[in-house]
Each structure stands twice: as C-alpha cells, then as structure tokens.
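Below are the chains, spelled out letter by letter.
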Amino acid sequence: MYLSRFGRLGRAVAAASLMGSMLATGVATTALAAGPCIATGAVDRDGTALTARLMNPSGVVKGKVDATGCSVGVYYSTGKGTVRNADIFGATYYGVLVDGNGHAVAADIVNSTVHDIGDLPLTSDRHGQGIAYRGFGGTATGSAIGNRVWHFQEAGINETGPGATVAVVANRVTGRGPEDVISQNGIQVLFGAHGNVVGNVISDLSFVGTWATGNGVLVAGGPSYDQPYTVGTRIVGNVISNTDVGIVVFELNPDWTPPEMGTDTWIVGNLVRNDVLQNVGGWDGDLGVGYQAGISIDGHADHVIGNTIIGRGYDQAFCGDAAVCLPIDTDVDLDPIVRGNRIR
C-alpha cells in the first residue's frame, strides 16, 4: 500500500484490499530447508495462487523455515497456531499469513525473525509482507509480540479487514532505508481492522521516488478505498525514527473530505524522530516537492496526545521549498484532539 498526496486539500490514496501433496503438521524444531511448496487454495489481491512452505502446522513452529520458491513461509487458515523462536525467510508474498478470508483462524507470532520477504530483485509490486493477518468474510485474531522484521518488500506487519483483531507489541521493524523502487510501511492497520500498536521500534522507511511516502505506522480505510473505516486504533508508546511520516491516519470520503463518523484513533506517548530530508517528491512528484511529518491525521475526532516529535526533518524552516515538513499535520482531520505534545 502506498500513500500519495496531490496537494494540501486534495490527498489521494492508491491501495487495494487483500482479497483474497504435502501437509506439514508437526513441530518444526530444526532447520527446515527449502523444499516442496504446498498449494493453499487461497489467492492474493492480485489473483496469485498462494503456496506455502508450511500449511496449518499443528505444533509450535520454531527453528529455520526456508520458504524460497513459495509465496508464504507459514500459512494458517484454521484452528489456533503458534510461531515462536522461528527464523522465517525467502517467501515472495508473506513470511507468516494468518488468513481469515472466509475462515476463522487465530495465531500468535512471538520472538521470531522474519526477513527477506518479497521479490528478488526488489520490485514495485504491492506484496512482500513479513507478518500479515487478513479478515474479510471471516476472522483472523492473535498477537505479534517481540519479533524482528526486516528486508521486506511492502510492509513489515499488516492487519487488514473487519475480521482482523491483532495486538502488535514490542516488535522491531526495520525498512530498507531510502528506496526508489517501492514505498514501504512499517506496521499497517487497514480497512476495518481492530489494532493495538504498542511499544514497537520502527525505523528506516523513506521513499525517494514520487507521489508516495514511507510510513512508520499507517492506519487507513473508508470510502476513498471502497472499504470500511478503521475505527479505534490505539498507537501507544512506539519509537519511530528515520521515516518520512512517523504515523499517518488516512480515512476520508471519496471527495477527500473528513468522514461524518468519528474514526477515534488514539496516538499517545510515541517518540518520532527524523533529522534529515529524504522524501523529495511525495507531495508533488511533478514539481519535485517532498512531504515529511511526524504525525499526519486525516479523519474525524482523532487523538494526538503526549507525543514527542524531534528533528529538523519535520521542520519547515529546514526543508524550505524542497518539501512540506510538519511535526503534526491535522489539515484534513475534523475536530482533532491535540494536546500535550512536545516538538523539539
């Protein structure tokens, strides 16, 4: 998913929802080398038939899972799963996918590493997520706690759909740094998902191409996507550094006006820091004007309370004519509640 901005009052978003032999049933306790990929029967939003290295494993998945050649490292569509102390890598679409599209499924991903997820070489295709929960027409629940996610293509951790309810806590998500192939997001809460994003460390998400930004935490939904609003997301106590936009909420009507209903996102006690200007075309790619903000909210009655925004990367005096740089941008939020924030 990427965020595009076409002028200060006319922001547009381009994104799509996730629409969606050998059965691994044991406990992966030792290195699992690259091997046969299992047909899951599921498809991704681009119509790709997903395959997996492990499908609905019955035990705790741990140790190395080499998913080279498969779409997914570990795939869950039923029951209750656990991934703990695993090292998952090599898949093209997802490291771990908890697929509640038409299913009821739950899984916890704990203290694991998920990396090198996406195409080789890197492409601009909107796939390649480290850990993902999706819940359209079903439910996907659980928690992602204490994981390290890096070298992903699109997003580090994603929860999407009204049936997705996930706690994303104390993970470390690291982007690829300045990147001109694809704009990346650290943690996504999308299209009606119910998410708590608490105590994560997110860094190095910057896009140096045009019409997009790299975002630490992205909350999005509403009719501008032809999707449900994402309501009541809690984003608390995260440390976000070296991102074009630290935290962004984008939930608008099709005419890019704020919604009548409250989106009620709570952004509380986060530390967001950026000392450099790297985004050079995210605001207006034709004119070569970038966009960087510590916190940017487009919704209704969202709360921005007690956050600390640090660094000249969010200072208009430093960015000058090269970019729009703001510590907190509430330009298209209706009745925002903003108090107790520190700008340094």
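Rules used in this analysis
Residues numbered from 1 in each chain as written. Predicted model: local features only at pLDDT ≥ 70, side-chain atom pairs only at ≥ 80, totals over all residues. Heavy atoms only, no water. Helix = DSSP H or I, 4+ residues; strand = E, 2+ residues; numbered from the N terminus. Rg over C-alpha atoms; globule rule 2.2 N^0.38 Å. Buried < 20%, exposed > 50% of the residue type's maximum accessible area, 1.4 Å probe, protein only. Areas by Shrake-Rupley, 256 points an atom, 1.4 Å probe, with all protein chains shown as cover. Pairing = 2+ DSSP bridges. Axes fitted to C-alpha atoms, helices over the stretch in contact; angles between N-to-C directions. Lys, Arg positive; Asp, Glu negative; His and termini not counted. Salt bridge = Lys/Arg side-chain N within 4 Å of Asp/Glu carboxyl O. Contact = heavy atoms within 4.5 Å. Phe/Tyr/Trp six-rings, centres within 6.5 Å; stacked < 30°, edge-to-face > 60°. Disulfide = S-S within 2.5 Å.

Some details on the overall build of the chain
- The number of helices and strands found in the chain is 1 helix and 31 strands.
- The C-alpha atoms of the chain give 19 Å as radius of gyration, which agrees with the globular expectation for 344 residues (20 Å, within 12%).
- Burial analysis of the chain (344 residues in total) assigns 58% to the buried set.
- Counting every atom, the chain has about 11800 Å² of accessible surface; 56% of that belongs to carbon and sulfur.

What to know about the sheet that holds strand E14 (residues 155–160)
- With mixed pairing, 11 strands are arranged side by side in an open sheet as E3-E4-E6-E8-E11-E14-E17-E20-E23-E26-E29. At either end of the open sheet lies a strand with only one pairing partner, and these are strand E3 (38–43) and strand E29 (323–329). On average, adjacent strands in this sheet sit at an angle of 25° to one another, irrespective of strand direction.
- For strand E26 (residues 290–298) and E29, the ladder comprises 6 bridges, and the chain directions are parallel. Each residue of the ladder has a partner; that of serine 296, found in E29, is aspartate 329.

Some details on the side chain of glutamate 251
- Mapped onto the elements, glutamate 251 comes out in strand E23 (residues 245–251).
- Salt bridges are absent for the buried glutamate 251, whose nearest opposite-charge side chain, arginine 234, sits at 10 Å.
- If we ignore the near neighbours within four places in the chain, the residues touching glutamate 251 are Val219, Ala220, Gly221, Tyr229, Thr230, Pro259, Thr263, Thr265, Asp298 and Gly299.

Regarding the packing of aromatic side chains
- Inspection of every chain in the model, using the stated rule, returns 5 aromatic pairs.
- Taken together, a centroid distance of 6.5 Å and an interplanar angle of 80° make the contact between tyrosine 225 and phenylalanine 250 edge-to-face. Linking tyrosine 225 in the loop between strand E20 (215–221) and strand E21 (234–236) with phenylalanine 250 in strand E23, this pair joins segments that are 25 residues apart in sequence. In this structure, tyrosine 225 and phenylalanine 250 share a single accessibility class: buried.

Comments concerning the state of the cysteines
- One pass over the structure, following the stated rule, counts 2 disulfides.
- Each disulfide pairs two cysteine sulfurs, and for cysteine 37 the partner residue is cysteine 70, the sulfurs being separated by 2.0 Å. Judged by the sign of its S-S torsion, about -90°, the cystine formed by cysteine 37 and cysteine 70 is left-handed. In this pair, cysteine 37 sits in the loop between strand E2 (11–14) and E3 while cysteine 70 sits in the loop between strand E5 (60–66) and strand E6 (72–76), placing the two residues 33 residues apart along the sequence.
- On the basis of relative accessible area, cysteine 37 is assigned to the partly exposed category, the value being 31%.
- Looking at cysteine 70, the relative accessible area reads 1%, which means it is buried.
- Linked covalently through their sulfurs, cysteine 319 and cysteine 325 form a disulfide whose S-S length is 2.0 Å. Taking the sign of the torsion about the S-S bond as the criterion, the disulfide between cysteine 319 and cysteine 325, at about -90°, is left-handed.
- Among the residues examined, cysteine 319 registers a relative accessible area of 5% and is labelled buried.
- With its bonded cysteines labelled in order along the sequence, the chain shows the pairing 1-2, 3-4.

Structural notes on the pairing of strand E10 (residues 113–117)
- In terms of burial, E10 is a largely internal element, 4 of the 5 residues being buried.
- Looking at chain direction, strand E7 (residues 79–89) and E10 are connected through 3 bridges and run parallel. Looking across to E10, one finds that isoleucine 88 is bridged to valine 114.
- Sheet analysis places E10 next to strand E13 (residues 148–152), joined by 4 bridges and oriented parallel. Bridging from a neighbouring strand, histidine 115 pairs with tryptophan 150 of E13.

Thoughts on the pattern of salt bridges
- Tallied over the entire structure, the rule returns 7 salt bridges.
- A salt bridge links arginine 134 to aspartate 44; its shortest N-O distance comes to 3.3 Å. Here the residue arginine 134 occupies a position in strand E11 (residues 129–134), and aspartate 44 occupies one in the loop between E3 and strand E4 (49–55), the gap between them amounting to 90 residues. Taken individually, arginine 134 and aspartate 44 each receive the classification buried, so the pair is uniform in this respect.

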